[in-house]
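Architecture and fold: a report
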Amino acid sequence: WGRCGGRGKRQRKTAAEMLDVCGDILSQIMSDPEAGPFLSPVDAKAEGLQHYDAYIEHPMDLGQVRRTFDAGGYGTAHELHCDVIRVWRNCLIYFTSASARYAAARRLAGRFLGAYRARVQAPRHQGMEAFTHGNVWFGASVKVHWEDDHQWYTAVIDDYEDRGGGKHVYHVIYDQDGEEE
């Protein structure tokens, strides 16, 4: 999404550099005072959260993301991004919109996604050139190929922007992990 000014095209960062940027973003989010409830696993029993395990199939917390990152467990920025999104997604699934934890998750998710979009270059996508563009595709399920990991991902088109001059931008949410791009 972001473009840098200056001469010529922006140099693409390597996958390792983008992963390091994600690690920096993660550190910033974890140091936020509102991040406290997300730094360690939810202890449903101690917090009196009834049926938490029935709603949340894949628990995730920022501390686990940090440990996995520090241990070299992520191969791409996308993998780390997916786990961070899972933290927010789990919170938004279980807690009501009136709760402080829900509100904190929304704010922190916004900060994380904003920094991710601004600082991490999305992998180049393939297969969209012969595509009729427009907002008629809202809600449509599409397959998106990521060059970095050579995988196809199912996503839903959530927003569209015609930037003129033949440039079109689609915002998608990936079905398998809730990731937005």
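Please read all numbers here as calculations on a predicted model, not as lab measurements. (Residues numbered from 1 in each chain as written. Predicted model: local features only at pLDDT ≥ 70, side-chain atom pairs only at ≥ 80, totals over all residues. Heavy atoms only, no water.)

Concerning the overall build of the chain
Selection criterion: Only runs of H or I of at least four residues qualify as helices and only runs of E of at least two qualify as strands under DSSP, and these elements are numbered from the N terminus. Note on contacts: a residue pair qualifies if any of its non-hydrogen atoms lie within 4.5 Å across the two residues.
A tally of regular secondary structure across the chain gives 6 helices and 4 strands. For the chain, the N- to C-terminal ordering of α and β elements is α-α-α-α-α-α-β-β-β-β. The contacts in the chain between residues at least 6 apart in sequence include a share of 57% that link residues at least 24 apart.

Some points on the nonpolar core
As a reminder of what qualifies: In these notes, a set of buried Ala, Val, Leu, Ile, Met, Phe, Trp, Tyr and Cys residues joined through side-chain atoms within 4.5 Å is what counts as a nonpolar core. Three exposure classes are used, based on accessible area relative to the maximum for each residue type with a 1.4 Å probe and protein chains only: buried under 20%, partly exposed in between, and exposed over 50%.
Judged by nonpolar contacts, the single largest core of 37 residues is most densely connected at Phe 38, Leu 62, Leu 80, Val 84, Trp 88, Phe 112 and Val 120. Per-element tally for this core: the top contributor is helix H6 (residues 100-119), with 9 residues. Val 142, Val 144, Tyr 160 and Tyr 170 belong to the second-largest nonpolar core, a separate cluster that totals 10 residues.

Considerations on the environment of Tyr 116
Among the structural elements, Tyr 116 can be located in helix H6. Taking C-alpha positions, Tyr 116 is 7.0 Å from Cys 22, a pair spaced 94 residues apart along the chain.

Some thoughts on the pairing of strand S3 (residues 151-164)
In regular strands, side chains alternate between the two faces of the sheet. For clarity, the cut-off: At least two bridges found by DSSP between two strands are what make those strands a pair.
Across 8 bridges, the pairing between S3 and strand S4 (residues 167-174) is antiparallel. Note on S4: the bridge partner recorded for Ala 155 is Tyr 174. Here S3 folds back onto S4 in antiparallel fashion, the turn holding 2 residues, of which Gly 165 has a positive phi close to 65 degrees.

Quick look at H6
Our working definition: An expected span of 1.5 Å times one less than the residue number is assigned to each helix.
End to end, H6 covers 28 Å across 20 residues, agreeing with the expected 28 Å (1.5 Å per residue, within 8%). Buried residues in H6 make contact with helix H1 (15-30), helix H2 (44-47) and helix H5 (77-94).

Points about the packing of H1 against helix H4 (residues 62-70)
Test applied: Helix axes are fitted to C-alpha atoms over the stretch in contact, other axes to C-alpha atoms as well, and angles between N-to-C directions run from 0 to 180 degrees. For this classification, under 35 degrees means roughly parallel, over 145 means roughly antiparallel, 65 to 115 means roughly perpendicular, and everything else is oblique. If you view the pair so one helix is near and one far, a crossing is left-handed when the near helix is turned anticlockwise from the far one by less than a right angle, and right-handed when it is turned clockwise. As a working rule, the residues Ala, Val, Leu, Ile, Met, Phe, Trp, Tyr, Cys and Pro are called nonpolar, Asp, Glu, Lys and Arg charged, and the rest polar, with Gly in that last group.
At a minimum axis separation of 11 Å, H1 and H4 run at an interaxial angle of 150 degrees. Taken as axis vectors, H1 and H4 run roughly antiparallel relative to one another. Of the two possible hands of crossing, H1 and H4 adopt the one that is left-handed. Side by side, H1 and H4 meet where Leu 19, Asp 20, Gly 23, Leu 26, Ser 27, Ile 29 and Met 30 of the first sit next to Leu 62, Gly 63, Val 65, Arg 66 and Phe 69 of the second. Split into classes, the residues belonging to the contact of H1 with H4 amount to 7 nonpolar, 3 polar and 2 charged.

A few points about H1
Given 3.6 residues per helical turn, the α-helix brings residues three or four places apart onto the same face. Its 16 residues give H1 an end-to-end C-alpha distance of 22 Å, which sits within 8% of 22 Å, the value for a rise of 1.5 Å per residue. Of the positions making up H1, those classed as buried are Met 18, Leu 19, Val 21, Cys 22, Gly 23, Ile 25, Leu 26 and Ile 29. Lining the buried residues of H1 we find H4, H5 and H6.

Considerations on the packing of aromatic side chains
How we decide: In this analysis, rings of Phe, Tyr and Trp, with Trp reduced to its six-membered ring, are considered paired at centre separations within 6.5 Å, and the interplanar angle assigns stacked below 30 degrees, edge-to-face beyond 60, and tilted for intermediate values.
All told, the structure shown has 5 aromatic pairs when counted by the stated rule. For the pair Tyr 52 and Tyr 94, a centre-to-centre distance of 5.0 Å together with 65 degrees between the ring planes defines the contact as edge-to-face. Taken as a pair, Tyr 52 in helix H3 (residues 52-55) and Tyr 94 in helix H5 lie far apart in primary sequence, 42 residues in all. The residues Tyr 52 and Tyr 94 share a single accessibility class, namely buried. Where Phe 112 meets Tyr 116, the ring centres are 6.0 Å apart and the plane angle is 25 degrees; that geometry is what we call stacked. Taken together, the residues Phe 112 and Tyr 116, both in helix H6 and 4 residues apart, mark about one turn of the helix. Residue classification places Phe 112 among the buried residues on the basis of a relative accessible area of 0%.

Digging into the confidence of the model for the chain
Stated precisely, the cut-off is as follows: Per residue, pLDDT measures the predictor's confidence, with a range of 0 to 100.
For the chain, the average pLDDT comes to 80, and 75% of its residues sit at 70 or higher. Here strand S1 (residues 125-126) is the element of the chain with the lowest mean pLDDT, 47, and H4 is the one with the highest, 98. For the stretch residues 126-131, pLDDT sits under 50, and the model shows 7 contacts to residues farther than four places along the chain or on other chains.

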